[in-house]
Amino acid sequence: MNRQDLLCRVKETVGQLREPLIADTSRILQFNTISGATDEEGKRRYREQILACAEWLEGRVREMGFNWLARPGRWYCIEWPAQTAEKPVVLGIPTHIDVVPVGGTWTHPPFSGAVADGFIWGRGIQDDKGP
């Protein structure tokens, strides 16, 4: 599979899954995965939310036919299974599900995952949880 074929396949798949992808992106934003706490309660809440998010994500990933590889609490990998005898193509999208503390004024609550005005709103949508 060449680069253009891969791009066409990804666009086709994303187009077919548009609504579920919007719903799933909205859902992943609802996990309050704020990292960097120094107190025990904050650390506990962070671990709990990261693991809950990963558990939810694994379920969705498997429902969609992807493979799930993980070292819980450290890293998670979603793998698009190769369906060809050709050399497998790897598409990597580095991301993470933790976010820094919330600051400033928000149009929509930061962990709401609101879908409004043609956008998905939430903490981490542009750099962490968005991809």
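Our subject is the structure that appears above.
The sections below set out a description of the structure shown in this document. Each chain has its residues counted from 1, following the order in which its sequence is written. The model is predicted, so local features are restricted to residues of pLDDT at least 70 and side-chain atom pairs to those at 80 or more, both for listing and for counting; the totals for chains, interfaces and linings are taken over all residues. As a rule here, side-chain values cover all heavy atoms of the structure and leave hydrogens and water aside.

The next thing to look at is the nonpolar core. In this structure, Ile28, Leu29, Phe31, Ile50, Cys53, Ala54, Leu57, Val61, Trp68 and Ile97 together form the largest nonpolar core, which totals ten residues. When contributions to this core are tallied by element, the ones reaching two or more residues are α2 (18–29) and α3 (40–63). We call two residues in contact when some of their heavy atoms are within 4.5 Å. Setting aside its immediate chain neighbours within four residues, Leu29 contacts Pro110, Phe111, Gly113, Ile120, Trp121, Gly122, Arg123, Gly124, Ile125 and Lys129. Take the buried residues of types Ala, Val, Leu, Ile, Met, Phe, Trp, Tyr and Cys, join any two whose side-chain atoms come within 4.5 Å, and each joined set is a nonpolar core. Exposure categories follow from relative accessible area, calculated using a 1.4 Å probe and restricted to protein chains: below 20% of the type maximum is buried, above 50% is exposed, and the middle band is partly exposed. The helix and strand labels rest on DSSP assignments: H or I over at least four residues marks a helix, E over at least two residues marks a strand, and numbering proceeds from the N terminus.

With that out of the way, let us pick up the packing of aromatic side chains. Two aromatic rings from Phe, Tyr or Trp, using only the six-membered ring of Trp, form a pair when their centres are within 6.5 Å; if the ring planes differ by under 30 degrees the pair is stacked, by over 60 it is edge-to-face, and anything between is tilted. In this structure the tally under the stated criterion is three aromatic pairs. Ring centres of Phe31 and Trp56 lie 6.1 Å apart, and the angle between their planes is 40°; this geometry places the pair in the tilted category. A residue pair is termed long-range when its members are at least 10 positions apart, and Phe31 in the loop between α2 and α3 and Trp56 in helix α3 qualify at 25 residues.

With that settled, the discussion passes to the environment of Glu41. Its location among the elements puts Glu41 in helix α3. Residue classification places Glu41 among the partly exposed residues on the basis of a relative accessible area of 39%. A distance of 2.5 Å separates a polar atom in the side chain of Glu41 from a polar atom in the side chain of Arg44. Polar contacts, as used here, are pairs of N or O atoms within 3.5 Å; protein pairs need one atom able to donate a hydrogen and one able to accept it. Residues neighboring in sequence count only if both atoms are side-chain atoms.

On to the side chain of Asp24. Checked against the element boundaries, Asp24 lands in helix α2. Given the relative accessible area of 16%, Asp24 is considered buried. In terms of polar contacts, Asp24 uses its side chain to reach the side chain of Arg60, at 2.8 Å. Those residues in contact with Asp24 that lie beyond four places of it in its chain are Trp56, Arg60 and Met64.

For helices, the fitted line uses only the C-alpha atoms of the stretch in contact; every axis is such a line through C-alpha atoms, and the angle between N-to-C directions lies from 0 to 180 degrees. With their axes 11 Å apart at the nearest point, α2 and α3 run at an angle of 165° to one another. Taken together, the axes of α2 and α3 lie roughly antiparallel to each other. In this structure, α2 meets α3 at a crossing whose hand is right-handed. Listed contacts from α3 to Pro20, Asp24, Arg27 and Ile28 of α2 are Cys53, Trp56, Leu57 and Arg60. Amino acid classes used here: Ala, Val, Leu, Ile, Met, Phe, Trp, Tyr, Cys and Pro are nonpolar; Asp, Glu, Lys and Arg are charged; the rest, including Gly, are polar. Residue classes in the contact of α2 with α3 are distributed as five nonpolar, no polar and three charged. For classification purposes, an angle smaller than 35 degrees is called roughly parallel, one larger than 145 roughly antiparallel, one from 65 to 115 roughly perpendicular, and anything else oblique. The sense of a crossing depends on the near helix, which, turned anticlockwise from the far helix by less than a right angle, makes the crossing left-handed and, turned clockwise, makes it right-handed.

On to the pairing of strand β1 (residues 67–71). Two strands pair if DSSP finds at least two bridges between them. With five bridges joining them, β1 and strand β2 (residues 75–79) adopt antiparallel strand pairing. Across the sheet, residue Asn67 finds its bridge partner in β2, namely Glu79. Hairpin remark: β1 followed by β2, antiparallel, with three residues in the connecting loop; positive phi at Gly73, about 85°.

What counts as a salt bridge is simple: a side-chain nitrogen of Lys or Arg found within 4 Å of a carboxyl oxygen of Asp or Glu. Tallying each qualifying case throughout the model produces eight salt bridges. Put simply, Lys43 and Glu40 hold a salt bridge, and the shortest N to O gap is 3.7 Å. Of this pair, Lys43 and Glu40 are both found in helix α3, three residues apart, which corresponds to roughly one turn of the helix. Look at Glu40 and you get exposed, because its relative accessible area is 55%. Two residues, Glu63 and Arg60, come together in a salt bridge whose shortest N-O distance is 2.5 Å.

Geometric values such as these leave the question of function open.
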